[in-house]
Amino acid sequence: MATTDSAYELTTDDYSYYDYEYEDEVCNKSSIVQFGATLTPVVLSIVVILSLFGNILVIVILANSGILLIMMTAHRYVAVMNPLSDIVSTTGSYSVIACVIIWAIICRLLRPTARRERAKL
């Protein structure tokens, strides 16, 4: 015997094909959880390493840019005040040598900081 729902005009016989016993169809998410448990530490480790590298690079660049700015200011001062001095060069070789020396000194001074940060990991 079929009953009619006035709102949808459907009978209960229309739903007789649906099987309510679906215990066998439950999603097995154990492989997804295992994949996430493996992937999450790897991704987070990569993020931490790249962040550490980026922060150290920022420190090096800021220190070098400050020192290079001071050196350029001193060079311009000497060039204006004493234009015939040996420090004022038209080839720029002294400037390149000074920049390389400054980068080397700053990288050497910041090496202990990088070691400490690496030890924290």
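Small disclaimer: the values here were computed from a predicted structure and weren't measured.

## Structural notes on the overall build of the protein chain
The helix and strand tally for the protein chain stands at 2 helices and 0 strands. Of all 121 residues assigned to the protein chain, the portion counted as buried reaches 8%. A total of about 10,600 Å² of accessible surface is found on the protein chain, and carbon and sulfur atoms cover 67% of it.

## Things to note about helix α1 (residues 30-81)
Across its 52 residues, α1 extends 76 Å between first and last C-alpha, which sits within 8% of the 76 Å expected from 1.5 Å per residue. On its buried side, α1 packs onto α2 (93-120).

## Quick word on the environment of A63
Here A63 lies in helix α1. For A63, a relative accessible area of 27% corresponds to the partly exposed category. Considering only alpha carbons, one finds A63 and I102, 39 residues apart in sequence, at a separation of 9.7 Å.

## Observations regarding the UniProt feature "transmembrane region" (unreviewed entry) in the protein chain
The residues that UniProt annotates with the feature "transmembrane region" (unreviewed entry) are residues 39-72 and 92-110. As a span, residues 39-72 carries 100% helix and 0% strand, and end to end its C-alpha atoms are 48 Å apart. Split by type, residues 92-110 is 95% helix and 0% strand. Its first and last C-alpha atoms lie 27 Å apart.

## Let's talk about a nonpolar patch on the surface
Taken together, the side chains of F35, L39, V43 and V47 present a nonpolar region at the surface, about 360 Å² in accessible area. Tracing the backbone through its elements, the reader meets L39 in helix α1.

## Focus on the nonpolar core
V60, L68, I102, I106 and L110 together form the largest nonpolar core, which totals 5 residues. Every element with two or more residues in this core is listed here: α1 and α2. Broken down by element, this core gets its largest block of residues, 3 residues, from α2.

## Here we look at α2
Here α2 is 28 residues long and its end C-alpha atoms lie 41 Å apart, about the 40 Å a rise of 1.5 Å per residue gives. Among the residues of α2, I102, I106, L110 and A114 are the ones counted as buried. On its buried side, α2 packs onto α1.

## Considering the packing of α1 against α2
Packed helices, taken two at a time, are described by their axes: the angle between them and the distance between them. One can describe the packing of α1 onto α2 by two numbers: an axis separation of 10 Å at closest approach and a directional angle of 150 degrees. Taken together, the axes of α1 and α2 lie roughly antiparallel to each other. Pair α1 / α2 crosses with right-handed handedness. Packed against α1, whose contacting residues are L52, I56, I59, V60, I61, A63, N64, I67, L68 and M71, the element α2 presents C99, I102, W103, I106, C107, L110, A114, E117 and R118 at the interface.

Rules and cut-offs
Residues numbered from 1 in each chain as written. Predicted model: local features only at pLDDT ≥ 70, side-chain atom pairs only at ≥ 80, totals over all residues. Heavy atoms only, no water. Helix = DSSP H or I, 4+ residues; strand = E, 2+ residues; numbered from the N terminus. Buried < 20%, exposed > 50% of the residue type's maximum accessible area, 1.4 Å probe, protein only. Areas by Shrake-Rupley, 256 points an atom, 1.4 Å probe, with all protein chains shown as cover. Expected span 1.5 Å × (residues − 1). Contact = heavy atoms within 4.5 Å. UniProt positions renumbered as here; feature names shortened; annotations may be inferred. Patch = residues over 30% accessible without salt bridge, like charges linked within 9 Å, V, L, I, M, F, W, Y side chains within 5 Å. Salt bridge = Lys/Arg side-chain N within 4 Å of Asp/Glu carboxyl O. Core = buried A, V, L, I, M, F, W, Y, C linked by side-chain atoms within 4.5 Å. Axes fitted to C-alpha atoms, helices over the stretch in contact; angles between N-to-C directions. Parallel < 35°, antiparallel > 145°, perpendicular 65-115°, else oblique. Left-handed = near helix turned anticlockwise from the far one by under 90°.

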